[in-house]
Each structure stands twice: as C-alpha cells, then as structure tokens.
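Read off the chains here:
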Amino acid sequence: TEIYTVRNSSAASDVYKRQAVLQLAIAALQLAIAALQLAIAALQLAIAALQLAIAVLQLAIAVLQLAIAALQLAIAVLQLAFAALQLAIAALQLAIAVLQLAIAVLQ
C-alpha cells in the first residue's frame, strides 16, 4: 500500500508540475501575443507616419511646381518688358531721325 501511496503522490506531483509548466507556457504565449499586437500597432503607426510624410512631400512638390510656374510667368513678363523697351528705343530712334530730317529741311 505504501508503494501505491508514493506512486499516487508522485503522480499527483507530476500533474501539478505539468499544470505549472502548462500555465507558464500559456502565460509566455499570452505575452508573445501581446508583443505581436504591440508590434502590429507600431507597424500601423509607422505606416500612418509614412503616409503623412508622403502627403507632405506631395504638398511640397505641388508648392514647388507652383513656384516654378510663378517664376516662368515672371520670366515671360520680364521678356515682354524687355521687348517693350526695345520697341520704345526703336520708336525714340525713329523720332530722332524724323526730327533730324525736319531740322535739315528747315535749314
């Protein structure tokens, strides 16, 4: 009877040990799941940050394109002003020539 009692006691002890090991394994798995969930949340945050960065870069590109268009318009206006100045110079030269002709006729 003592042998069976020791074996029964030893078997019960083994069951408790197995339960403790299983509970520890379950706790470790739960911790691993929590870590994975945290990693997923961090990845989602990183994705959102990257999407925001892309949106900011797209806005910056749009602003730069607008600035380029404004500079091109300014260049076109300056070219127009230069052409107008050249026309004014030609008109003044013509006026001088006409005045010189008039003076020559009057002399």
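Trainee: Before we go on, may I ask you to explain the overall build of the chain in this structure?
Mentor: Looking only at helices and strands, one finds one helix and zero strands in the chain. Taking 13 Å as the expected radius of gyration for a compact globule of 107 residues, we find that the chain reaches 46 Å, considerably beyond that expectation. Along the three orthogonal principal directions, the C-alpha set of the chain runs to about 155 × 10 × 5 Å. Per-residue burial over the chain gives 0% buried out of 107 residues. Counting only carbon and sulfur atoms, one obtains 77% of the accessible surface of the chain, whose full area is about 9,700 Å².

Trainee: I'm lost on the environment of Ile 103 in this one. Help?
Mentor: In this structure, Ile 103 sits in helix α1 (residues 2–106). The class for Ile 103 is partly exposed, based on a relative accessible area of 48%. Residues Ile 103 and Leu 52, spaced 51 residues apart in sequence, show a C-alpha to C-alpha distance of 75 Å.

Quick notes on the rules
- Residues numbered from 1 in each chain as written.
- Predicted model: local features only at pLDDT ≥ 70, side-chain atom pairs only at ≥ 80, totals over all residues.
- Heavy atoms only, no water.
- Helix = DSSP H or I, 4+ residues; strand = E, 2+ residues; numbered from the N terminus.
- Rg over C-alpha atoms; globule rule 2.2 N^0.38 Å.
- Buried < 20%, exposed > 50% of the residue type's maximum accessible area, 1.4 Å probe, protein only.
- Areas by Shrake-Rupley, 256 points an atom, 1.4 Å probe, with all protein chains shown as cover.

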